[in-house]
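Summary of structural features
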Amino acid sequence: MTEKSDAHDANSERQKWLAILAGATPEELAAAMRQLDHVEIDAIELRVPESGLALVTGRVGATGSPFGVGEMTVTRCVVQIGAHMGVGYVRGRDRERAKNVALADALLQGDRKHEVMATVIEPLSAAKAQRVSQHRATVETSRVRFLTMVRGD
């Protein structure tokens, strides 16, 4: 493989785990990070958790011109563990959650990647899949099938 495709694969993998981390509920993420209590994490906070606003944009018809939908509160944090820098961006004002995302991101780039994948990412991914499945089941009970409805003529 080329150097460019290796970098693309690494970025793609990182995007996936950041999406899983940011999409986890605060309780799930905190519980998963507690599983790493035995790991000594010597992190330097390059950017302490701070909240601010981000502009949310949309597109007309999903492909047209972009427009501003509104603003959303986000919290960000940047930490460094050894030579690896981890970032955490989450919706809302949860500083602890943003820091946990940043810590996990930095750990996933280092020597403990396989351990963090097994103890944090995989359980969070399974929990998300279960939440999506439960939501789909709930929605399915109220689905209206118009082709099977009988007209009242």
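The structure we're discussing is the one just above.
Residues numbered from 1 in each chain as written. Predicted model: local features only at pLDDT ≥ 70, side-chain atom pairs only at ≥ 80, totals over all residues. Heavy atoms only, no water.

1. What about the pairing of strand β1 (residues 43-59)?
Operational definition: The criterion for strand pairing is that DSSP finds at least two bridges linking the strands in question. Under the scheme used here, helices are H or I runs from DSSP no shorter than 4 residues and strands are E runs no shorter than 2 residues, and both carry numbers assigned from the N terminus.
Inspection of the sheet shows β1 paired to strand β2 (residues 66-81) by 14 bridges, in the antiparallel sense. Residue pairing for β2: Ser51 is matched across the bridge by Thr75. Linkage of β1 to β2, two consecutive antiparallel strands, is achieved through a turn of 6 residues, within which Gly61 is found at a positive phi near 65 degrees.

2. Details of the packing of helix α3 (residues 95-108) against helix α4 (residues 113-140)
Packed helices, taken two at a time, are described by the angle between their axes plus the distance between the axes. Formally: Here the axes come from fitting lines to C-alpha atoms, over the contacting stretch only for helices, and the angles between their N-to-C directions go from 0 to 180 degrees. By the convention used here, residues are in contact when the closest approach between their heavy atoms is within 4.5 Å. Each residue gets one label: Ala, Val, Leu, Ile, Met, Phe, Trp, Tyr, Cys and Pro are nonpolar, Asp, Glu, Lys and Arg are charged, and the others, such as Gly, are polar.
The contact between α3 and α4 brings their axes to 8 Å, and the two run at 140 degrees. When α3 is examined against α4, the residues Ala104, Leu107 and Leu108 are found in contact with a partner set consisting of Lys113, Val116, Met117 and Ile121. Of the residues in the contact of α3 with α4, the class split is 6 nonpolar, no polar and 1 charged.

3. Description of α3
Which entries qualify depends on this criterion: Multiplying 1.5 Å by the helix residue count minus one yields the expected span of that helix. Exposure categories follow from relative accessible area, calculated using a 1.4 Å probe and restricted to protein chains: below 20% of the type maximum is buried, above 50% is exposed, and the middle band is partly exposed. As used in this structure description, the phrase polar contact means that two N or O atoms lie within 3.5 Å; if the pair is within protein, one of them must be able to donate a hydrogen and the other to accept it, and residues adjacent in sequence are counted only when both atoms belong to side chains.
The first and last C-alpha atoms of α3 sit 20 Å apart over 14 residues, in line with the 20 Å expected at 1.5 Å per residue. What α3 keeps buried is the set Arg97, Ala98, Asn100, Val101, Ala102, Leu103, Ala104, Asp105, Ala106, Leu107 and Leu108. The N-terminus of α3 is capped by Asp94, whose side-chain oxygen sits 3.4 Å from the backbone nitrogen of Glu96.

4. Some thoughts on the environment of Ala43
Its location among the elements puts Ala43 in strand β1. Judged by relative accessible area, which is 31%, Ala43 ranks as partly exposed. Remark: the alpha-carbon pair of Ala43 and Val78, spanning 35 residues in sequence, is separated by 9.8 Å. If we skip the residues at most four places from it in the chain, Ala43 touches Val79, Gln80, Ile81 and Leu103.

5. Things to note about the nonpolar core
Note the cut-off: Buried Ala, Val, Leu, Ile, Met, Phe, Trp, Tyr and Cys residues form a nonpolar core when they are joined through side-chain atoms within 4.5 Å.
Counting 25 residues, the largest nonpolar core has Leu21, Leu29, Met33, Leu36, Val120, Ile121 and Leu124 as its most contacted members. Breaking this core down by element, the ones donating at least two residues are α1 (3-23), α2 (26-34), β2, α3 and α4. Tallying contributions element by element places α3 first for this core, with 8 residues. Look past the residues within four positions of Leu21 in its chain and what remains in contact with it is Leu29, Val101, Ala104, Asp105, Leu108, Val120, Ile121 and Leu124.

6. Things to note about the side chain of Arg97
Defined as follows: This count recognises Lys and Arg as positive and Asp and Glu as negative, with His and chain-terminal groups excluded. By definition here, a salt bridge exists when the distance from a side-chain nitrogen of Lys or Arg to a carboxyl oxygen of Asp or Glu is within 4 Å.
Topologically, Arg97 is positioned in helix α3. Here Arg97 sits buried without a salt bridge, and the closest side chain of opposite charge, Asp94, lies 5.2 Å off (N-O distance). Excluding residues within four positions of it along the chain, Arg97 makes contact with Ala22, Gly23, Ala24, Pro26, Leu29, Val90 and Arg91.

7. Re the environment of Ser51
Mapping Ser51 onto the fold places it in strand β1. Within the local environment of Ser51, its side chain forms a polar contact with the side chain of Thr75, the two groups lying 2.9 Å apart.

8. Remarks on the environment of Leu29
One can find Leu29 in helix α2. In contact with Leu29, not counting residues within four places along its chain, are Leu21, Ala24, Arg97, Asn100, Val101 and Leu124.

9. Observations concerning the pattern of salt bridges
Evaluated as defined, the whole model comprises 8 salt bridges. With its nearest N and O atoms 3.2 Å apart, the salt bridge here joins Arg47 to Glu50. Its relative accessible area of 36% is what places Arg47 among the partly exposed residues.

10. Considerations on the packing of α2 against α3
Formally: Put simply, angles under 35 degrees are roughly parallel, angles over 145 are roughly antiparallel, angles from 65 to 115 are roughly perpendicular, and the rest are oblique. Handedness of a crossing follows from how the near helix is turned relative to the far one, being left-handed for an anticlockwise turn of less than a right angle and right-handed for a clockwise one.
Packing of α2 against α3 brings their axes to within 10 Å, and their N-to-C directions diverge by 45 degrees. Comparing their axes, α3 and α2 come out oblique. You can see that α2 and α3 cross each other, and the crossing is left-handed. Here Pro26, Leu29, Ala30 and Met33 of α2 come into contact with α3, specifically with Arg97, Asn100, Val101, Leu103 and Ala104. A per-class count over the contact of α2 with α3 returns 7 nonpolar, 1 polar and 1 charged.

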